[in-house]
Amino acid sequence: MQRFAFLVLMSVAASGTTAAGKELSAALRAAAPGADPVAVAQAVQAMQCAGQPDGNPVSRLVLIDYSRPSTAPRLWVFDLATRTLSREERVAHGQGSGDNHATRFSNDPGSHQTSLGLFRTGDTYVGRNGYSLRLEGLDPGVNDRAMQRAIVMHGAPYVSEATVRQLGRLGRSWGCPAVRADVARPLIDEIKGGQYLYAYHPTGLPAPGASAARCASRGTATATIPAAPMRRVIAPSPRVAGA
């Protein structure tokens, strides 16, 4: 059956998550049953509150759940147009945040710790860690020094099954969300250029309700994302008497 996609403008104010946001959260939870429902809901609400400066639709949402061990898949990429899971990957955390489990988070330069909160993806470049993606931290005091700290997504050889067998965990970065080297380029190309990444941990900021507070501080914010796919329903032809 033919599917039609259209754009919906979702507006979130201090009152909390919209009905459209709840529908999106439910769809993403169904697409990634291994993801924490609270983390998914916070990611959707944060994205809605952030808006989209250039007005272009958001097509990807990345969720990282740092409450899970580094040995487990804890990065999910959602296709917002189809409400499906595009990727599920392991991702490293900063060496200052812990060993297999990340327990400490920071926005400070030199901490080598992971930052939590909402990020907007930027442009790409090739640096000492190869093909990399700049991340703009959107939460003041939580991750807004990401550019200053050179927190980027990149591939790393220590994100591998071999490292897990050797160390019992992934290797660690200097605070960057590092992924498998062989998936770095296609993953980065999928999420670059104004998409959203939400880094979650239940003990860290943003705390429950912070997204609503963020909306209140910014006024009414909007994010344009593809709405749920629509299906055309073809009504049956009326029966002709005597046919």
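Everything here concerns the structure above.
Caption draft 1: Expanded view of the side chain of Asn-107. Take Asn-107: it is sitting in the loop between β5 (84-89) and β6 (117-127). A relative accessible area of 8% places Asn-107 in the buried class. At 2.7 Å, the side chain of Asn-107 forms a polar contact with the side chain of Asp-144. Within the local environment of Asn-107, its side chain forms a polar contact with the backbone nitrogen of Arg-145, the two atoms lying 3.1 Å apart.

Caption draft 2: Here's a closer look at unusual backbone geometry. In this structure, Arg-83 is a non-glycine residue whose phi angle is positive, near 60 degrees. Residue placement: Arg-83 occurs in the loop between β4 (75-79) and β5. Arg-83 sits in the buried class, given a relative accessible area of 10%. Phi is positive for Ala-150, which is not a glycine, with a value near 60 degrees. The class of Ala-150 is partly exposed, set by a relative accessible area of 46%.

Caption draft 3: Spatial organisation of the pattern of salt bridges. Scanning the model with the defined rule gives 12 salt bridges in all. Two residues, Arg-90 and Glu-161, come together in a salt bridge whose shortest N-O distance is 2.9 Å. Of this pair, Arg-90 sits in the loop between β5 and β6 while Glu-161 sits in helix α4 (residues 161-167), placing them 71 residues apart in sequence. With relative accessibility at 40%, the residue Glu-161 sits in the partly exposed group. Across the pair Asp-182 and Arg-180 runs a salt bridge whose closest N-O atoms are separated by 3.1 Å. Judged by relative accessible area, Arg-180 falls into the partly exposed class, the value being 30%.

Caption draft 4: Summary view of the pairing of β4. The buried count for β4 comes to 5 of 5 residues, which makes it a mostly enclosed element. Relative to β4, strand β3 (residues 60-65) runs antiparallel, the two sharing 5 bridges. The residue bridging Leu-61 from the neighbouring strand is Phe-78, located in β4. Alignment of β4 against β5, held across 5 bridges, turns out to be antiparallel.

Caption draft 5: Fine view of the packing of helix α1 (residues 19-31) against helix α2 (residues 37-50). Contact geometry of α1 with α2 gives a least axis separation of 9 Å together with a crossing angle of 140 degrees. Considering the angle they form, α1 stands oblique to α2. In the crossing of α1 with α2, the sense of the turn from one axis to the other is right-handed. Between α1 and α2, the residues in contact are Gly-21, Leu-24, Ser-25, Leu-28 and Arg-29 and Pro-37, Val-40, Ala-41, Val-44, Met-47 and Gln-48, respectively. Of the residues assigned to the contact of α1 with α2, the class counts are 7 nonpolar, 3 polar and 1 charged.

Caption draft 6: Local environment of the packing of aromatic side chains. Within this structure, the stated rule accounts for 1 aromatic pair. Above the face of the Trp-174 ring, Arg-128 is positioned so that its terminal group lies 5.4 Å from the ring centre. A cation over a ring is seen here: Arg-185 above Tyr-131, with NZ or CZ 3.8 Å from the ring centre.

Definitions and limits used
Residues numbered from 1 in each chain as written. Predicted model: local features only at pLDDT ≥ 70, side-chain atom pairs only at ≥ 80, totals over all residues. Heavy atoms only, no water. Helix = DSSP H or I, 4+ residues; strand = E, 2+ residues; numbered from the N terminus. Buried < 20%, exposed > 50% of the residue type's maximum accessible area, 1.4 Å probe, protein only. Polar contact = N/O pair within 3.5 Å; in protein donor to acceptor, adjacent residues only side chain to side chain. Salt bridge = Lys/Arg side-chain N within 4 Å of Asp/Glu carboxyl O. Pairing = 2+ DSSP bridges. Axes fitted to C-alpha atoms, helices over the stretch in contact; angles between N-to-C directions. Parallel < 35°, antiparallel > 145°, perpendicular 65-115°, else oblique. Left-handed = near helix turned anticlockwise from the far one by under 90°. Contact = heavy atoms within 4.5 Å. Nonpolar A, V, L, I, M, F, W, Y, C, P; charged D, E, K, R; others polar. Phe/Tyr/Trp six-rings, centres within 6.5 Å; stacked < 30°, edge-to-face > 60°. Lys NZ or Arg CZ within 6 Å of the ring centre and 35° of its normal.

The quantities given are spatial measurements derived from coordinates; they are silent on function.
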